Amino acid sequence: MFHEAITNAAVQGIAKIVKNGLAFTIMLGVIAGLLYALTTVHAAKERELRELKAEMKEAREMYEREIHNLRRGIDECNQARAEDGARIARLETIVERLQGH
């Protein structure tokens, strides 16, 4: 009887160790799989983020060039308007002199 109790206790103890060991091994596998998935997703997202930043930089440079060109066009129009205003003023004085005679 005593021998059976010890044997039974030993068998149950070994069964728990195996069961817990199996659970531990499975848990390690799950954790390792999750870590692998996490690093893979992180690497992919990091790559996408770098590509997005490069596209944003390119778009920003393109818009800066376009804004520069538009400002240059505005300056040219303002200069032409000033020249036209001076020409109109000269023509007005000529017309006034001609009407005065």
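See the structure printed just above.
About the criteria used
- Numbers given for residues are sequential positions, taken from 1 along each chain in its written order.
- pLDDT decides what is reported in this predicted model: residues at 70 or higher carry local features, side-chain atom pairs at 80 or more are listed and counted, and totals for whole chains, interfaces and linings draw on all residues regardless.
- Hydrogens and waters are ignored; side-chain quantities use all the structure's heavy atoms.
- Runs of E in the DSSP output that reach at least two residues are strands. Runs of H or I that reach at least four are helices, and both are numbered from the N terminus.
- Computation of the radius of gyration draws on C-alpha atoms, with the globule rule given as 2.2 Å multiplied by the number of residues to the power 0.38.
- Per-residue accessibility, obtained with a 1.4 Å probe over protein chains only, is compared with the maximum for each type, and a residue is labelled buried under 20%, exposed over 50%, and partly exposed between these values.
- Surface accessibility in these figures is a Shrake-Rupley result with a 1.4 Å probe; residues are shielded only by whichever protein chains are displayed.
- Asp and Glu count as negative and Lys and Arg as positive, but His and the ends of the chain are not part of the count.
- Charge placement uses NZ in Lys and CZ in Arg. For Asp and Glu, CG and CD serve respectively.
- We define a salt bridge as a side-chain nitrogen of Lys or Arg found within 4 Å of a carboxyl oxygen belonging to Asp or Glu.
- For patch building, the residue pool is restricted to those with more than 30% relative accessible area and no salt bridge; the joining distance is 9 Å between like charges and 5 Å between nonpolar side chains (Val, Leu, Ile, Met, Phe, Trp, Tyr).

Peer 1: Can you walk me through the overall build of the protein in this structure?
Peer 2: Across its full length, the protein holds one helix and zero strands. For the protein, whose C-alpha radius of gyration is 43 Å, the value lies well above the compact-globule estimate of 13 Å for 101 residues. Overall, the protein is about 145 × 15 × 10 Å in size when its C-alpha atoms are taken along their principal axes. Counting all 101 residues of the protein, 0% fall into the buried class. Summed over all atoms, the accessible surface of the protein reaches about 9,600 Å², with 66% contributed by carbon and sulfur. For the protein, the separation between the mean place of its 15 positive charges and that of its 15 negative charges on side chains is 6 Å.

Peer 1: What am I meant to see in the pattern of salt bridges here?
Peer 2: Opposite charge on two side chains allows them to pair when their charged atoms are near. Taken as a whole and assessed by the stated rule, the structure comprises three salt bridges. Here D84 ties to R87 by a salt bridge, and the two come within 2.8 Å at their closest N and O atoms. Of this pair, D84 and R87 both sit in helix α1 (residues 2-100), separated by three residues, roughly a single helical turn. Given a relative accessible area of 34%, D84 falls into the partly exposed group.

Peer 1: Even after reading the chapter, I still don't get a negative patch on the surface, so can you show me in this structure?
Peer 2: A surface patch of like charges, here negative, comprises E51, E55, E58, E61 and E64. With respect to the secondary-structure elements, E58 resides in helix α1.

Peer 1: Would you explain the environment of N69 in this entry?
Peer 2: Mapped onto the elements of the fold, N69 is located in helix α1. Judged by relative accessible area, N69 falls into the partly exposed class, the value being 36%. Spatially, the C-alpha atom of N69 lies 71 Å from that of G21, the residues being 48 residues apart in sequence.

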